[in-house]
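A closer look at the structure
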Amino acid sequence: MSKIHVTTTINGEPAEFLCEPHQTLLDVLRNELNLTGSKEGCASGDCGACSVIVDGRLMCSCLMLAVESTGHEVTTIEGVAKGDELHPVQRQFLQHAALQCGFCTPGLIVAAKALLDRNTNPTETEARYWLAGNLCRCTGYDKVIRAVLDAAAEMRGETVA
Amino acid sequence: MPSLNYVAPATVQEAVRLLAGASGLAKVLSGGTDLLVQLRSGRTRPELIVDTKKIPGIIGIREENGGFVIGAATPGMALFEHPTLKQTWPGVVEAANLIGSKQVQGRASLAGNLCNASPAADSVPAMIAAGATCLIAGSDGTRQAKVEDIVTGPGRTSLARDEFIVEFRLPKREPRSGDAYLRFIPRTEMDIAVVGCGVCVTLDANGVCTAARVVLGAVAPTPVLVPEAAAALVGHKLDDATLEMLDAAARRACNPIDDKRGTIDYRTKVAGVLARRTAAIAFNRASGGKSAGGH
């Protein structure tokens with residue numbers, strides 16, 4: 001079968017690409033569109049390193065065929081900051097040093113943004129369950145959770161210590 | 001990877017025609033959270049993928065005659081976001097929201113969870129307990145089937161090669177009834193059921209059970225509806241003697257495998273315990289309480 005022509009929206013911009021039917025969205029993001037922020041960890045939907053938001057829903061770009069993005073709106077880690085202005089989650093990850101090797105970080109930030117997009121006042125338990133699909137082998141998650149909760153406070157307009 | 005074709009038909013009839021006309025293996029794609037993993041590992045090598053998500057109504061939830069119609073490819077997260085569905089069939093919604101991570105729940109569907117036909121599928125015991133049916137489209141038109149009649153063994157279903165599920169129907173909930181689903185895993189999240197249990201009960205004004213459905217997952221080649229466990233509840237309040245009969249009936253229905261998640265003895269024992277706990281939540285909900293289920 002010849003390549004499929006896909007028209008979609010990525011990070012607010014119209015995008016088009018050619019892909020093979022079996023190519024995942026992650027594969028196309030990284031290898032065709034040069035959006036290498038999304039990482040391939042497990043390629044089986046277990047680690048969350050490839051997390052993207054499609055039409056407001058968090059998902060693993062390794063579990064989606066690229067062709068399935070036709071007509072949908074995809075947000076990747078590259079679209080989380082607004083120009084030079086970091087998203088509160090990104091700012092708080094830096095503030096808390098909530099990363100070590102950084103491989104899981106794009107996925108964690110995208111997943112945390114998806115949580116805070118729908119709930120800017122999550123409990124610690126809610127945040128931990130929400131992020132259970134994002135594996136980090138360095139931090140032990142504690143700094144990550146503190147960063148997410150402080151980002152939530154920042155988004156609620158509270159002063160963060 | 002061998003040559004693979006992808007199609008996204010816009011109607012049920014076109015999807016059926018494509019499935020019927022495929023010369024080799026054709027796979028129906030809804031959320032894809034199982035199918036993509038199997039494609040990558042080479043466990044399945046279809047020549048055609050029929051993506052159902054462009055079919056109008058295949059994603060979405062509507063109330064009808066006091067019950068609910070849920071499009072086959074509706075992601076689990078959409079169930080959770082539907083306040084009336086969550087209030088009416090909390091067990092079904094909780095079960096769907098135990099499947100994988102939030103990322104997976106944003107994509108994985110009831111039809112996929114059912115047709116992947118894992119004995120440990122979380123949403124299936126809850127759907128069976130709730131008395132859910134599905135509408136199946138095929139070359140000869142559509143037919144209704146009970147959810148318990150779909151899975152025939154690990155990875156196998158009763159659907160013909162030209163058939164796929166279009167939607168699920170959850171019945172109108174009887175007054176003084178309640179459903180619940182619990183699963184047991186060694187972790188708190190992101191694991192596959194060692195045992196799953198779905199229970200739906202209806203009570204009379206005195207709290208005596210008048211109807212029950214008890215379903216176990218992950219303890220046999222398919223999810224199992226256990227009429228003996230239901231019979232242990234009917235005619236009784238949820239007292240210690242009733243719970244003991246329920247526990248014993250649930251254990252007798254087990255025919256599990258030994259694997260890394262649990263031995264035969266362990267799964268059998270847990271099935272009894274889980275049946276007790278799930279029934280307690282269902283009874284509580286049927287009498288107007290708001291017990292939490294799920295984990």
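As the structure is a prediction and not an experimental result, all values here were calculated from the model. (Residues numbered from 1 in each chain as written. Chains lettered and ligands numbered in written order. Predicted model: local features only at pLDDT ≥ 70, side-chain atom pairs only at ≥ 80, totals over all residues.)

**Section: the sheet that holds strand 2 (residues 26-29) of chain B**
Residues and elements named next belong to chain B. Basically, it comes down to this: At least two DSSP bridges between two strands are needed for those strands to be called paired. Only DSSP runs of H or I covering at least 4 residues are called helices, and only runs of E covering at least 2 are called strands; the numbering of each starts at the N terminus. Lines fitted to C-alpha atoms define the axes here, with helix axes fitted over just the stretch in contact, and angles between the N-to-C directions of these axes take values from 0 to 180 degrees. Each residue is represented by a C-beta atom placed from its backbone, and any two residues with such atoms within 7 Å are regarded as in contact.
Strand order in the open sheet formed by three strands is 1-3-2, and the pairing between neighbours is parallel. The strands lining the two open edges of the sheet, one partner per strand, are strand 1 (5-7) and strand 2. On average, each strand axis in the sheet is inclined to that of its neighbour by 20°, with strand direction left out of account. Strands strand 1, strand 2 and strand 3 (48-51) of the sheet are contacted by helix 1 (residues 12-21), whose axis makes an angle of about 165° with strand 3.

**Some remarks on the interface of chain B and chain A**
By a widely used convention, the size of an interface equals the accessible area lost when the partners come together. Test applied: Throughout, the ten residues Ala, Val, Leu, Ile, Met, Phe, Trp, Tyr, Cys and Pro are labelled nonpolar, Asp, Glu, Lys and Arg are labelled charged, and all others, Gly among them, are labelled polar.
Opposite the 24 residues of chain B that make contact, chain A presents 24 residues. For the side of chain B that touches chain A, the elements supplying multiple residues, two or more each, are strand 1, helix 2 (35-41), strand 3 and helix 6 (102-105) of chain B. With four residues, helix 2 of chain B is the single largest residue contributor to the side of chain B that touches chain A. Its residues assigned to classes, the side of chain B that touches chain A comprises eleven nonpolar, eight polar and five charged.

**A short note on helix 1 of chain B**
Residue and element names in this part refer to chain B. Convention followed: Partly exposed residues are those falling between the two cut-offs: more than 12 but fewer than 20 other C-beta atoms within 10 Å of their own, whereas 20 or more means buried and 12 or fewer means exposed, with C-beta atoms placed from the backbone. Note: the arc covers the axis-to-C-beta directions of the helix.
Listed in full, the buried residues belonging to helix 1 are Ala15, Val16 and Leu19. The buried side chains of helix 1 occupy one side of the element, clustering within an arc of 100° when seen end-on. Next to the buried residues of helix 1 lie strand 2, strand 3, strand 6 (133-138) and strand 10 (164-170).

**Description of the packing of helix 3 (residues 105-118) of chain A against helix 5 (residues 142-155) of chain A**
Residues and elements named next belong to chain A. Formally: An angle below 35 degrees is treated as roughly parallel, one above 145 as roughly antiparallel, one from 65 to 115 as roughly perpendicular, and anything else as oblique. Crossing handedness is defined as follows: a turn of the near helix away from the far one that is anticlockwise and smaller than a right angle gives a left-handed crossing, while the clockwise case is right-handed.
Relative orientation of the contacting elements helix 3 and helix 5 amounts to 40°, with a least axis distance of 11 Å. As summarised for this structure, helix 3 and helix 5 are arranged oblique, according to the angle between their axes. Regarding helix 3 and helix 5, the two cross each other, and that crossing is right-handed. Contacts from Leu108, Ala112 and Leu116 in helix 3 reach Val144, Val148, Ala151, Ala152 and Met155 in helix 5. Residue composition of the contact of helix 3 with helix 5, grouped by class: eight nonpolar, no polar and no charged.

**With respect to the environment of Cys104(A)**
Residue and element names in this part refer to chain A. One can find cysteine 104 in the loop between helix 2 (88-96) and helix 3. Judged by C-beta crowding, with 25 C-beta atoms within 10 Å, cysteine 104 ranks as buried. Between the C-alpha atom of cysteine 104 and that of lysine 39, which follows or precedes it by 65 residues, the distance is 7.5 Å. The residues touching cysteine 104, leaving out its near neighbours within four places in the chain, are Ala49, Asn134, Leu135 and Cys136.

**With respect to unusual backbone geometry**
All names here are of chain B. Here arginine 176, not a glycine, exhibits a phi torsion of approximately 55°, which is positive. Assignment of secondary structure puts arginine 176 in the loop between strand 10 and strand 11 (177-184). Despite not being glycine, methionine 190 shows a phi value in the positive range, around 60°. Tracing the sequence through the fold places methionine 190 in the loop between strand 11 and strand 12 (195-203).

**What to know about the domain arrangement of chain A**
Residues and elements named next belong to chain A. Defined as follows: The domain boundaries here were taken from an automatic or database domain assignment.
What the domain assignment lists for chain A is domain 1 (4-78) and domain 2 (88-155). The gap between the C-alpha centroids of domain 1 and domain 2 is 21 Å. Facing the twelve residues of domain 1 at the interface are eleven residues of domain 2. Classifying every residue of the side of domain 1 that touches domain 2 gives seven nonpolar, four polar and one charged.

**With respect to the environment of Ala180(B)**
Relative to the helices and strands, Ala180(B) is located in strand 11. Along the primary structure Ala180(B) and Ala130(B) are separated by 50 residues, whereas in three dimensions their C-alpha atoms are 9.0 Å apart.

**Some remarks on the nonpolar core**
Residue and element names in this part refer to chain B. Test applied: Note on terminology: a nonpolar core is any set of buried Ala, Val, Leu, Ile, Met, Phe, Trp, Tyr and Cys residues joined through C-beta atoms within 7 Å.
Val195, Leu216 and Val226 are the most contacted members of the largest nonpolar core, which has 148 residues in total. Top contributing element to this core by residue count: helix 11 (residues 264-286), with nine residues. Not counting the four nearest positions on each side in its chain, leucine 216 is found in contact with Pro125, Val195, Cys197, Pro223, Val224, Val226, Ala250, Ala253, Cys254 and Ala271.

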